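Coordinates in review
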Protein chains: 2
Amino acid sequence: MNEKKILLVVCDGLSDRPVRQFGGKTPLQAARKPAMDAVARNGVSGIMDVIAPGVIPGSDTAHLALFGYDPFKVYTGRGPIEAAGAGIPVDRGDVAFRCNFATVDESMKVVDRRAGRIRNGTDELAKSLSGMKIEDVTALFREGSEHRGALVFKGPGLDHRVSDVDPHHETEILESKPQVPSAEKTARVLNEFVRKSYEILSEHPVNKHRSKEGLHPANILLPRGAGSIREIESMRERYGMKCAAVAGVTLVKGICRLVGMEVPDVKGATGGLDTDYRAKADAALGLLDSNDFVFVNVKACDIAGHDGDFKMKVSVIENIDVMLGVILKDIQEDSVVILTADHSTPVVVRDHSADPVPVAISGAGTRVDGVKEFDEISVGGGVLGRIRGTDLLPIALGMADRAKKFGA
Amino acid sequence: MNEKKILLVVCDGLSDRPVRQFGGKTPLQAARKPAMDAVARNGVSGIMDVIAPGVIPGSDTAHLALFGYDPFKVYTGRGPIEAAGAGIPVDRGDVAFRCNFATVDESMKVVDRRAGRIRNGTDELAKSLSGMKIEDVTALFREGSEHRGALVFKGPGLDHRVSDVDPHHETEILESKPQVPSAEKTARVLNEFVRKSYEILSEHPVNKHRSKEGLHPANILLPRGAGSIREIESMRERYGMKCAAVAGVTLVKGICRLVGMEVPDVKGATGGLDTDYRAKADAALGLLDSNDFVFVNVKACDIAGHDGDFKMKVSVIENIDVMLGVILKDIQEDSVVILTADHSTPVVVRDHSADPVPVAISGAGTRVDGVKEFDEISVGGGVLGRIRGTDLLPIALGMADRAKKFGA
């Protein structure tokens, strides 16, 4: 049997909940989307828990799952997740930490692990630390919510197996210790970073101001939860496919590179509401000529969801549909097309939600069920049933005659 | 996004199989149940394997799963569940047993494993045993229904891996043996407890009186099903919700207490066919004011199933429907309502079966599929698909905007 090509189109944050003011419809139900409906009508549909039922997917973990990788296994420690959350890209070889802004006295005893639950000024404090060079390591730091932040070390010879600086109690801060010999450098750099953070933060105007107001100064960072991204097999090693991606968003591009996809820059593919859909369609078709697997991410519906803008979301969906139509018109008939979302971003929630996403797969010779429309409800009648994100690519590989046999 | 409240209504043993004499309908299909149908009509439906496909759930394991706990991980032996149900708090490190009051002759041969199914006086017998000190272990004992009771050992160095004293037949009682070296002390204390229970019970006025009346004296306790509780987070710790339960059956109450729910006594909520449905509805509505999660268990359909009484089961379902109607009428619109069963108890089986159960979830803003009726077959067309019991609460938490994000 001929191995077929696979096109995976992920509309970021596409799915939604019904909105009363708009006739109890979801944006997907309200939109005119003949190309999306054609994928459902010509193939099989279902709903999908991208991570697991009741887990709100991040775009990073969701894409890992959609590429067939268990996100719980790819990450070690919470550090990389916090960092991804704070918007610092974590690459293989980096070590990432969760941090608290805290208050210490002159003997390095922690007075307040949360620096009075500081809320204002952490962005300025973060800027004063980020970019610091220690030996040949660059430390990137960004603030999170309240007293939280994320720290990423980038440089050669790092290893995440170091102990926490954060003592987790109001007592003296700890010296980070390597737990394996190969982590000695990381522990040394970390201790130096903490020492310098104290020097810099103690003198920072934000803290001078806090002290004047009688508030605990955020005069030190306490890193914990060191983690790195495990060495993971590339998609080529794993599935024997040459893979490429069309994506505008940094976080998603990072995940694609992590799994070894080629990620060319596409002019006009910004990841924003102004993204050039036609350019994306052309890029996807071009990449399909020389690759076995092409992934297209369109971010714009997520943005409309975060903005709580129903009409904008409908309009974005209709634009994506035009892009999809261009691709479907010119794609080789003998390809498997997957259409889905990485998570829901309901306009009433204005953030990611745990609601499952619709999925449809069509292509040469696949089964065809009775689903005629691609939306959160219609796909419930499809023969894909309710699947997990990590099952999606294996199912598609099966349809593309690229699956492996187990047994005789 | 506002976190919503969650109401979980579990109709014990509700679901069934079609019965030829009644037009090939299940009791649920035959019953008039507008309130149940409304939950399905206004939300999403599906079918659920409460434990796993082909596993017949017990009420205890089923409820653990419905509260989101993997029963295979929580549970060692039946003892702790019986004890929690009888109202003895079981803490980590304790070892708990189910016990029968039994009758032995002087050679320690069991004459009657149920002491003539003794009903009266077990409270007094229990008091004469509870609080006994053996070595540094305190033995707490409380009577259950009829000849049953629960025993809990509290003290250092206990291990539940000991064999039963109960021979399970009318033969000589067994000596408990440790199954691992660390359980030697527990076995020794248990054998001593049984010996002492015989001494004390033989002389007890309740038994003197029984002997005079020609009844079998309850002159010994036969412990079995030793178990302990693994570290289990309360629902509050796990989900950040204040939780309460309305339940009449001891076993179910025990599970609720085990996971840290408040379980007030509701007057008239007996767990029997005569339970006061109106009182249950009022109690549930009252608890919803001050809790985030309220669980209601109605036992009566299970009883009708065990009795093999189709008409009784239909009638019970219609009564429960009235109760549900009262709740739905007064519940805050902005709440998530889950309607399901803990297992099937088909009237043709007269016992629990592995048939999956129907489930429907409705509430403020959730998706709405095309399912119009709540029964074993109609829900199969719903967008929930086929789920596992342990997925139910995570899914509901997602709908209630209480789910956690994984990733960025």
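Our structure is the block above this text.
Described in the following lines is the structure provided in the data block. (Residues numbered from 1 in each chain as written. Chains lettered and ligands numbered in written order. Predicted model: local features only at pLDDT ≥ 70, side-chain atom pairs only at ≥ 80, totals over all residues. Heavy atoms only, no water.)

**A word on the overall build of chain A**
Looking only at helices and strands, one finds 14 helices and 14 strands in chain A. The C-alpha atoms of chain A give a radius of gyration of 24 Å, which matches the 22 Å a tight globule of 408 residues would have. When the 408 residues of chain A are sorted by exposure, 58% land in the buried category. Long-range contacts, defined here as pairs at least 24 residues apart, represent 73% of the contacts in chain A between residues at least 6 apart. For chain A, the computed accessible surface area is about 16,600 Å², with 48% contributed by carbon and sulfur atoms. Mean positive and mean negative side-chain charge positions of chain A (53 and 57 charges, respectively) differ by 2 Å. (Helix = DSSP H or I, 4+ residues; strand = E, 2+ residues; numbered from the N terminus. Rg over C-alpha atoms; globule rule 2.2 N^0.38 Å. Buried < 20%, exposed > 50% of the residue type's maximum accessible area, 1.4 Å probe, protein only. Contact = heavy atoms within 4.5 Å. Areas by Shrake-Rupley, 256 points an atom, 1.4 Å probe, with all protein chains shown as cover. Lys, Arg positive; Asp, Glu negative; His and termini not counted. Charge placed at Lys NZ, Arg CZ, Asp CG, Glu CD.)

**Thoughts on the side chain of Ser45 of chain A**
Residue and element names in this part refer to chain A. Within the fold, Ser45 resides in strand 2 (residues 43-49). A relative accessible area of 0% means that Ser45 is categorised as buried. Contact partners of Ser45, with chain neighbours within four places excluded, come to Ala40, Val359, Ala360, Asp369, Val371, Val379, Gly382, Val383, Leu384 and Gly385.

**Remarks on the pattern of salt bridges**
Residue and element names in this part refer to chain A. With the rule as written, the count across this model stands at 51 salt bridges over all chains. Close ionic contact of Lys299 with Asp12 constitutes a salt bridge, the shortest N to O distance being 3.8 Å. Here Lys299, found in the loop between strand 11 (293-298) and helix 12 (300-306), pairs with Asp12, found in the loop between strand 1 (5-11) and helix 1 (27-30); they are 287 residues apart in sequence, far enough to count as distant. When its relative accessible area of 16% is taken as the criterion, Lys299 is described as buried. (Salt bridge = Lys/Arg side-chain N within 4 Å of Asp/Glu carboxyl O.)

**Structural notes on the packing of aromatic side chains**
Aromatic rings in a pair are described by how distant their centres are and how their planes are angled relative to each other. Under the definition given, this model contains 12 aromatic pairs over all chains. Taking 4.4 Å as the distance between ring centres and 10 degrees as the angle between the ring planes, the aromatic pair formed by Phe72 of chain A and Phe406 of chain B counts as stacked. One end of the pair, Phe72 of chain A, is in helix 4 (residues 71-74); the other, Phe406 of chain B, is in strand 14 (residues 404-406), on a second chain. Between Phe22 of chain B and Phe310 of chain B the ring centres are 3.9 Å apart and the planes differ by 5 degrees, which places this aromatic pair in the stacked class. With Phe22 of chain B in the loop between strand 1 (5-11) and helix 1 (27-30) and Phe310 of chain B in helix 13 (residues 310-330), this residue pair connects regions lying 288 residues apart in the sequence. (Phe/Tyr/Trp six-rings, centres within 6.5 Å; stacked < 30°, edge-to-face > 60°.)

**So, unusual backbone geometry**
For Arg350 of chain A, which is not a glycine, the phi torsion comes out positive at approximately 60 degrees. Residue position: Arg350 of chain A is located in the loop between strand 12 (335-340) and strand 13 (357-363).

**Considerations on the sheet that holds strand 1 of chain A**
Residues and elements named next belong to chain A. Strands sit in the order 10-11-1-12-13-2-14 across an open sheet of seven strands; the sheet is mixed. With one partner strand each, in any of the chains shown, strand 10 (243-246) and strand 14 (385-388) form the two edges of the open sheet. For this sheet the average axis-to-axis angle between neighbouring strands, irrespective of direction, equals 25 degrees. Strand direction decides the pairing type here: strand 1 and strand 11, joined by six bridges, are parallel. Each residue of the ladder has a partner; that of Leu8, found in strand 11, is Phe295. Of the strands in this sheet, strand 1, strand 2 and strand 11 touch helix 3 (residues 59-66), which is tilted by about 160 degrees from strand 1. (Pairing = 2+ DSSP bridges. Axes fitted to C-alpha atoms, helices over the stretch in contact; angles between N-to-C directions.)

**A look at the sheet that holds strand 12 (residues 357-363) of chain B**
All names here are of chain B. Spatially, the seven strands line up as an open sheet ordered 9-10-1-11-12-2-13, and their pairing is mixed. The open sheet terminates on both sides in strands that have one partner only, identified here as strand 9 (243-246) and strand 13 (385-388). Taken pair by pair, the neighbouring strands of this sheet meet at an average axis angle of 25 degrees, ignoring direction. Summarising the sheet, strand 2 (residues 43-49) and strand 12 pair through six bridges and their orientation is antiparallel. When the sheet's bridge partners are listed, Gly46 is paired in strand 12 with Val359. Those strands touched by helix 3 (residues 59-66) are strand 1, strand 2 and strand 10 (293-298), and its axis lies near 160 degrees from that of strand 1. The sheet strands contacting helix 14 (residues 389-399) are strand 1, strand 2, strand 10, strand 11 (335-340), strand 12 and strand 13, and the helix crosses strand 13 at an angle near 110 degrees.

**Structural notes on the packing of helix 2 (residues 34-41) of chain A against helix 13 (residues 310-330) of chain A**
All names here are of chain A. As a packed pair, helix 2 and helix 13 sit with axes 7 Å apart at the nearest point and diverge in direction by 60 degrees. The angle between helix 2 and helix 13 places the two elements in the oblique class. Only Ile317, Ile320, Asp321, Leu324, Gly325 and Leu328 of helix 13 make contact with helix 2, whose side of the interface consists of Pro34, Ala35, Met36 and Val39. (Parallel < 35°, antiparallel > 145°, perpendicular 65-115°, else oblique.)

**A few points about empty space enclosed by the protein**
Enumeration over the complete set of coordinates arrives at five cavities of 30 Å³ or more. The space that makes up the largest cavity amounts to roughly 140 Å³. Every residue lining the largest cavity is counted, 16 residues in all, and those nearest its centre are Asp355, Pro356 and Arg386 of chain A together with Ile395 and Met399 of chain B. For the lining of the largest cavity, the secondary-structure elements that each account for two or more residues are strand 2 of chain A together with helix 14 of chain B. Here the element with the most residues in the lining of the largest cavity is helix 14 of chain B; it accounts for three residues. Along the lines of polarity and charge, the residues of the lining of the largest cavity split into eight nonpolar, three polar and five charged. Here the second largest cavity defines a volume of roughly 120 Å³. Lining the second largest cavity are 14 residues, with Pro89, Val90, Leu251, Gly254 and Ile255 of chain A positioned closest to its centre. At the level of elements, helix 5 (79-86) and helix 10 (250-258) of chain A are the ones that each hand at least two residues to the lining of the second largest cavity. (1 Å grid on protein atoms, 1.4 Å probe; cavity = no way out; pocket = protein on both sides within 12 Å on 5 of 7 lines; lining within 4 Å. Points joined across faces, edges and corners; volume = space filled by probe spheres on them. Nonpolar A, V, L, I, M, F, W, Y, C, P; charged D, E, K, R; others polar.)

**Focus on the interface of chain A and chain B**
Across the boundary between the two partners, chain A contributes 36 residues, which contact 24 residues of chain B. Buried area between chain A and chain B, both sides added, is near 2,300 Å², and the carbon and sulfur share of it is 57%. The largest per-residue losses of area from chain A upon contact with chain B belong to Arg17, Ile377 and Arg386 of chain A, which jointly make up 26% of the total buried on that side. Of the charged contacts in the structure, one is a salt bridge between Arg20 of chain A and Glu333 of chain B, with a shortest N-O distance of 3.0 Å. There are 11 residue pairs in polar contact (both at pLDDT 80 or more) connecting chain A and chain B. When residues of the side of chain A that touches chain B are traced back to their parent elements, those giving at least two are strand 3 (55-57), helix 3, helix 4, helix 5 and strand 14 of chain A. Tallied by class, the residues present in the side of chain A that touches chain B amount to 18 nonpolar, nine polar and nine charged. (Buried area = accessible area lost by both parts, 1.4 Å probe. Polar contact = N/O pair within 3.5 Å; in protein donor to acceptor, adjacent residues only side chain to side chain.)

**Digging into the environment of Met241 of chain A**
Residues and elements named next belong to chain A. With respect to the helices, strands and loops of the structure, Met241 is situated in the loop between helix 9 (235-239) and strand 10. The exposure class of Met241 is buried, given its relative accessible area of 0%. Contacts of Met241, omitting those with residues within four sequence positions, involve Ile6, Met235, Arg236, Asp292, Phe293, Leu397 and Arg402.

**Some remarks on the nonpolar core**
Within the largest apolar cluster, 105 residues are counted, with the highest numbers of intra-cluster contacts made by Phe67, Met235, Met261, Phe293, Phe295 and Ile361 of chain B. When residues of this core are assigned to their parent elements, the largest contribution, nine residues, is made by helix 13 of chain B. Contacts of Phe295 of chain B, omitting those with residues within four sequence positions, involve Leu8, Val10, His63, Phe67, Ala244, Ala245, Val246, Val252, Cys256 and Met261 of chain B. In terms of nonpolar packing, the next biggest core, distinct from the first, is built from 102 residues, Ala244, Val263, Leu324 and Ala341 of chain A among them. (Core = buried A, V, L, I, M, F, W, Y, C linked by side-chain atoms within 4.5 Å.)

**Notes on the side chain of Thr186 of chain A**
All names here are of chain A. The topology assignment puts Thr186 in helix 7 (residues 184-202). You can call Thr186 buried: its relative accessible area is 0%. Within the structure, Thr186 has its side chain in polar contact with the backbone nitrogen of Asp159 (distance 2.8 Å).

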